[in-house]
Amino acid sequence: MTRNGNIELMAPAGNFESLQAAIDNGADSVYFGVEQLNMRARATINFTLEDLPEITRRCGQKNIRTYLTLNTIIYDHDLSIIKTVLDTAKKAGITAVIAMDQAVIAYARQIQMEVHISTQINITNIEAVKFYSLFADTVVLSRELSLRQIKNICGQIEKEGVKGPSGNLVEVEVFGHGALCMAVSGKCYLSLHSHNSSANRGACKQNCRKKYTVIDQESGFEIELDNEYMMSPKDLCTIDFLDQIIDAGVKVLKIEGRGRAPEYVATVIKTYREAIDAYAEGTFSREKIALWMEALEKVYNRGFWGGYYLGQKLGEWSDGPGTQATQKKVYVGKGVHYYPKPGIGEFKIEAYDIKVGDTLLITGPTTGVQELQLDQMMVDDLQTETAEKGDNCTFPTGFKIRPSDKLYKIVKE
C-alpha cells in the first residue's frame, strides 16, 4: 500500500513516541517488536501485547499498515509464546508478521495472518522468491544484492506472475536507510561468542562498533590500521539514488532504527517522504537531494554510504564509536500543563536554561516529536528572554502538550 503508487515507506517504532513520529511524518507502514522475540530485543523499549490494540487504533486512523517483527531464531520453549503473540496480534488487527523461522511462518499461515519474509532468510534469487511466495506476500531481499540483481528479481516476479497467498504479485522490500551490519544479512555470532548473548535472538552486544587492534601473537607486533573501527560499517543512505530503487521495481522501502530516538524517526521519515513524493511529482533533483542530505546529517548517523546497491564492495567504515550528527538534543525539562484556548504550553525547567531564539524539541508518547522556534516566553506571568533551572515557563506551542512530555533544546555539534 503506497501513498502515491510508487513505493511504501516503512518506519521503525521502538516506543509510542517513535510510533507517533512515524504517523505524523508520512509513514505508509510501521514495524515494531513486542517483548523479547525480535531482533531488537535489547536495543529499545519494546511494546507489550497489551499495547497492540492502541497501535492499531492510532495507525488505523491514518490507514497505516502495522507489521509485527517475530524474526529471531525460535526454540521449542518459545513455541507456546509465539502462538500467544500471533493470536493476540491477529485479534488486535495487526496487518502482518515479519518472520524468518518456519515455526512462525507456519503458525501465521495457519491462523491466516499475512506473512513477510525477513532479511535473515537471505533471499538472493527468483527461485527462493517463488518458494517463499507459497507463504508470504512480501519478501525482504538480502542486503548484499546490487540494484541490478534486485531489478532482475522484480522483473521476473512480474514476468512469471509470482503471487503470494493474497493472490497479488509478491512485493519486494529492501532496506533504505540506517545502521548496517558487517555480517551477511545480519547473521552475526560475535556477541554470542564474547558474551553468550545471541544477536540472532535479538540480544546483540554491538561488538562490531568497538575499537580494535591487530597483534601478531608470535612476535607481539601490532599491525597498524588506518581505522581502528574496522568492523563498524557506516550507515546506509539511499536518498541520492532513490529514483533508481523505485525504477528497479521495489515496492517497500524499510527504514532501520527501532533502537534510535523518536526525533531520528521523525526526521528520516519526513525526509524520505518528501523524496518519494518528489519522485512521483517529477521534481526529484540534485538540489533537493543536497537539502535532504543536510537534514539527515542532523540526526544520529555513523556517516553515510550507499551499501551494496551500486555495486560497491563492503569497505565504508565509520571512524568513531558514536554519532556524526551535526546537532544534538539537550534535556531541559518536562511538560506541566496545556492551555487550549491560547494554545500555550507550560513547562518545568529542570536542567539547562532556555532563551528566546532557541530551537526546542518536545517529545511524548502521544505528542510524538514536535520541533519549534522559541519566539516568546513568560515566567511568573512576565515576559522574559530566559528561563532558568527551577522556573515554570509558558510559551505558544501550536499543539497540545502533556505532563508526560519532555522538553529539549537543539544545539549544534
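Our subject is the structure listed above.
Model, not experiment: these values are computed from the prediction.

Draft legend 1. Layout of the overall build of the chain. When its secondary structure is counted, the chain shows 10 helices and 22 strands. Residues counted as buried form 52% of the 413 residues belonging to the chain. With an accessible surface of roughly 18,900 Å², the chain has 49% of that area assigned to carbon and sulfur atoms.

Draft legend 2. Structural context of the pattern of salt bridges. For the structure on display, the rule yields 14 salt bridges. We note a salt bridge from Asp28 to Arg273, for which the minimum N-O separation is 3.1 Å. Here Asp28, found in the loop between helix H1 (16-24) and strand E2 (29-32), pairs with Arg273, found in helix H9 (residues 262-281); they are 245 residues apart in sequence, far enough to count as distant. Residues Asp28 and Arg273 agree in their burial class; the two are buried. Glu160 is the salt-bridge partner of Lys130, the closest N and O atoms lying 2.5 Å from each other. A residue pair is termed long-range when its members are at least 10 positions apart, and Lys130 in helix H5 (residues 126-132) and Glu160 in helix H6 (residues 147-160) qualify at 30 residues. We classify Lys130 as partly exposed; its relative accessible area is 25%.

Draft legend 3. Up close: the sheet that holds strand E13 (residues 327-339). Overall, antiparallel pairing links the 8 strands, which are arranged E17-E16-E22-E13-E14-E21-E18-E19 in an open sheet. Two strands lie at the open edges of the sheet, namely strand E17 (368-373) and strand E19 (382-383), each paired on one side alone. Running over the sheet, H9 touches E13, strand E16 (359-364) and E17 and is turned about 75° from E17.

Draft legend 4. Structural view of helix H3 (residues 79-92). Spanning 14 residues, H3 covers 20 Å between terminal C-alpha atoms, matching the ideal 20 Å at 1.5 Å per step. Within the sequence span of H3, burial applies to Ile82, Val85, Leu86, Ala89 and Ala92. Taken end-on, H3 shows its buried residues confined to a sector of 130°, consistent with a single buried face. The secondary structure elements touched by the buried residues of H3 are helix H2 (52-61), strand E3 (65-70), strand E4 (96-99) and helix H4 (102-110).

Draft legend 5. Here's a closer look at the packing of aromatic side chains. Using the criterion set out here, one finds 9 aromatic pairs in the structure. When the ring of Phe16 is compared with that of Phe47, the centres are 5.0 Å apart and the planes differ by 75°; the resulting orientation is edge-to-face. Taken as a pair, Phe16 in helix H1 and Phe47 in the loop between E2 and H2 lie far apart in primary sequence, 31 residues in all. By relative accessible area, which is 16% here, Phe16 ends up buried.

Draft legend 6. Structural detail: the side chain of Thr66. Position of Thr66 among the secondary structure elements: in strand E3. With residues up to four places along the chain from it excluded, the contact list for Thr66 reads Val30, Phe32, Ile55, Thr56, Cys59, Gly93, Ile94, Thr95 and Ala96.

Draft legend 7. Just unusual backbone geometry, in detail. Even without a glycine there, the phi angle at Asp380 is positive, about 55°. Although it is not a glycine, Asp381 adopts a positive phi angle of roughly 65°. Here Asp381 shows up in the loop between strand E18 (378-379) and E19.

The rules we used
- Residues numbered from 1 in each chain as written.
- Predicted model: local features only at pLDDT ≥ 70, side-chain atom pairs only at ≥ 80, totals over all residues.
- Heavy atoms only, no water.
- Helix = DSSP H or I, 4+ residues; strand = E, 2+ residues; numbered from the N terminus.
- Buried < 20%, exposed > 50% of the residue type's maximum accessible area, 1.4 Å probe, protein only.
- Areas by Shrake-Rupley, 256 points an atom, 1.4 Å probe, with all protein chains shown as cover.
- Salt bridge = Lys/Arg side-chain N within 4 Å of Asp/Glu carboxyl O.
- Pairing = 2+ DSSP bridges.
- Contact = heavy atoms within 4.5 Å.
- Axes fitted to C-alpha atoms, helices over the stretch in contact; angles between N-to-C directions.
- Expected span 1.5 Å × (residues − 1).
- Arc of directions from axis to C-beta.
- Phe/Tyr/Trp six-rings, centres within 6.5 Å; stacked < 30°, edge-to-face > 60°.

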